[in-house]
Amino acid sequence: MRLIDTHAHLDFEDYDSDRFEVLKRAAAAGVEKIVNVGADLAGSQRSVKLAQQYNELYAVVGIHPHAADTVNSDVLANLTQLAEQSVVKGIGEIGLDFYYDNSPREIQQVAFKKQLQLAQKIDLPVIIHSREAAEETLALLSEVGDFKEKLIFHCYSYGPDYIEELIKRDYYIAFGGMLTFKNAESVRQALKKVPLNRLLLETDSPYLTPVPYRGQRNEPAYVKQVAEQAAQLKELPLAELADLTTANAKRIYKL
Ligand SMILES: [Zn+2]
């Protein structure tokens with residue numbers, strides 16, 4: 001079985017003491033590639049370094065809405081430069097988070113828009129973080145471009161109605177450990193609607209650890225638990241679901 005964890009944060013200090021062991025466990029679980037996603041400029045730089053160091057890692061660079069107030073022309077120039085490295089496969093995670101509101105909303109919107117335009121200019125896919133900002137996210141995306149087949153809606157959490165609009169727009173949609181949570185029936189119902197050629201798996205390590213490891217630090221090996229749940233929902237053999245989602249990840253990220 002071959003799996004790809006399309007979204008992890010192995011550059012976080014949570015992994016400083018055992019990063020290599022974490023990668024070995026991922027390989028043993030059938031995870032052949034991991035896309036490491038930056039959350040701020042320093043994290044994006046660490047991401048690129050790690051991807052240059054480890055064959056199984058790729059990098060995505062960008063500024064998370066939590067750090068939106070750090071986005072200025074220098075930071076954008078730095079991201080542009082980082083994106084020239086061949087290990088960089090996307091711009092993210094970018095978007096809107098009106099749940100935590102760590103940066104003022106207007107500043108989040110400006111930072112989101114500027115990074116969308118950057119991705120468009122250098123022709124890389126975008127990885128979207130959207131929380132409690134469903135309509136605002138779509139409105140801003142429409143304003144900048146169509147992003148058809150060039151966008152990953154990461155950590156899908158909005159339920160089965162909203163997902164129809166994402167499918168109509170031809171976005172890719174990534175699901176993580178939440179799929180295994182008891183109270184996440186609406187996320188499971190949403191996954192059932194996603195076309196098999198647009199479905200992606202992720203862990204968002206170190207967050208959102210799937211059952212039966214909930215409460216512990218998450219790691220890419222556990223994308224297998226996510227795959228098992230997705231296979232059950234799609235009524236497919238695990239190996240087939242793994243192959244399909246791996247092919248999807250390779251297509252959107254051009255791996
Ligand atoms: Zn993330």
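Predicted, not measured: the structure shown is a model, and the values here were computed from it.

Undergrad: Explain the side chain of Asp204 residue by residue, including any values.
TA: By the secondary structure assignment, Asp204 is in the loop between β8 (199-201) and α8 (223-234). Despite its burial, Asp204 pairs with no opposite charge; the closest candidate is Arg131, at 9.0 Å N-O. In this structure, Asp204 is in contact with His7, Ala8, His9, Glu93 and His154, ignoring residues within four places of it in sequence.

Undergrad: How would you summarise the UniProt feature "binding site: a divalent metal cation 1" (unreviewed entry) in the protein chain if you had to cite specific residues and measurements?
TA: Summarizing the sequence annotation, UniProt attributes the feature "binding site: a divalent metal cation 1" (unreviewed entry) to His7, His9, Glu93 and Asp204 in the numbering used throughout. A maximum C-alpha distance of 10.9 Å is found for the annotated residues, which run over 198 residues; spatially they form one tight group. Tracing the backbone through its elements, the reader meets His7 in strand β1 (residues 3-8). Excluding its chain neighbours within four sequence positions, the residues that come into contact with His7 are Val35, Val37, Glu93, Ile127, His154, Glu202, Thr203, Asp204 and Ser205. Side-chain polar atoms of His7 contact the side chain of His9, separated by 3.3 Å. A polar contact is formed between the side chain of Asp204 and the side chain of His9, at a distance of 3.1 Å.

Undergrad: Any chance you could break down the nonpolar core for me, citing the residues and the numbers?
TA: Considering soluble globular proteins, one finds that nonpolar side chains tend to be buried as a cluster. One finds Ile91, Leu116, Val126, Ile128, Leu141, Tyr156 and Phe175 to be the most contacted residues of the largest nonpolar core, which totals 77 residues. If one sorts the elements of this core by residue count, α8 sits on top with six residues. Counting residues in each nonpolar core, the second largest holds 12 residues, with Ile4, Val37, Ile252 and Tyr253 among its members.

Undergrad: Talk me through the pairing of strand β3 (residues 57-61); I want residue IDs and the actual numbers.
TA: When you tally the buried positions in β3, you get five out of five residues, the bulk of the element. A two-sided burial pattern is seen for β3, the buried positions comprising Leu57, Ala59 and Val61 on one face and Tyr58 and Val60 on the other. In this structure, strand β2 (residues 31-37) lies alongside β3, joined through four bridges in parallel fashion. Residue pairing in the sheet places Ile34 in a bridge with Leu57 of β3. Sheet analysis places β3 next to strand β4 (residues 88-97), joined by three bridges and oriented parallel.

Undergrad: Residue-level account of the UniProt feature "binding site: a divalent metal cation 2" (unreviewed entry) in the protein chain, with values.
TA: When the UniProt feature table is mapped onto this chain numbering, "binding site: a divalent metal cation 2" (unreviewed entry) sits at His129 and His154. Spatial clustering of the annotated residues is evident: they stretch over 26 residues in sequence, but the largest pairwise C-alpha distance comes to 5.9 Å. Looking at where His129 falls in the secondary structure, it is placed in strand β5 (residues 126-131). Since its relative accessible area comes to 13%, His129 is described here as buried. Those residues in contact with His129 that sit more than four places away from it in its chain are His64, Pro65, Glu93, Ile94, Gly95, Leu96, Asp97 and His154. Residue position: His154 is located in the loop between β6 (151-153) and α6 (162-168). In this structure His154 touches His7, Glu93, Ile127, Ile128, His129, Ala174, Glu202 and Asp204, once residues within four positions along its chain are discounted.

What counts and what doesn't
- Residues numbered from 1 in each chain as written.
- Predicted model: local features only at pLDDT ≥ 70, side-chain atom pairs only at ≥ 80, totals over all residues.
- Heavy atoms only, no water.
- Helix = DSSP H or I, 4+ residues; strand = E, 2+ residues; numbered from the N terminus.
- Buried < 20%, exposed > 50% of the residue type's maximum accessible area, 1.4 Å probe, protein only.
- Lys, Arg positive; Asp, Glu negative; His and termini not counted.
- Salt bridge = Lys/Arg side-chain N within 4 Å of Asp/Glu carboxyl O.
- Contact = heavy atoms within 4.5 Å.
- UniProt positions renumbered as here; feature names shortened; annotations may be inferred.
- Polar contact = N/O pair within 3.5 Å; in protein donor to acceptor, adjacent residues only side chain to side chain.
- Core = buried A, V, L, I, M, F, W, Y, C linked by side-chain atoms within 4.5 Å.
- Pairing = 2+ DSSP bridges.

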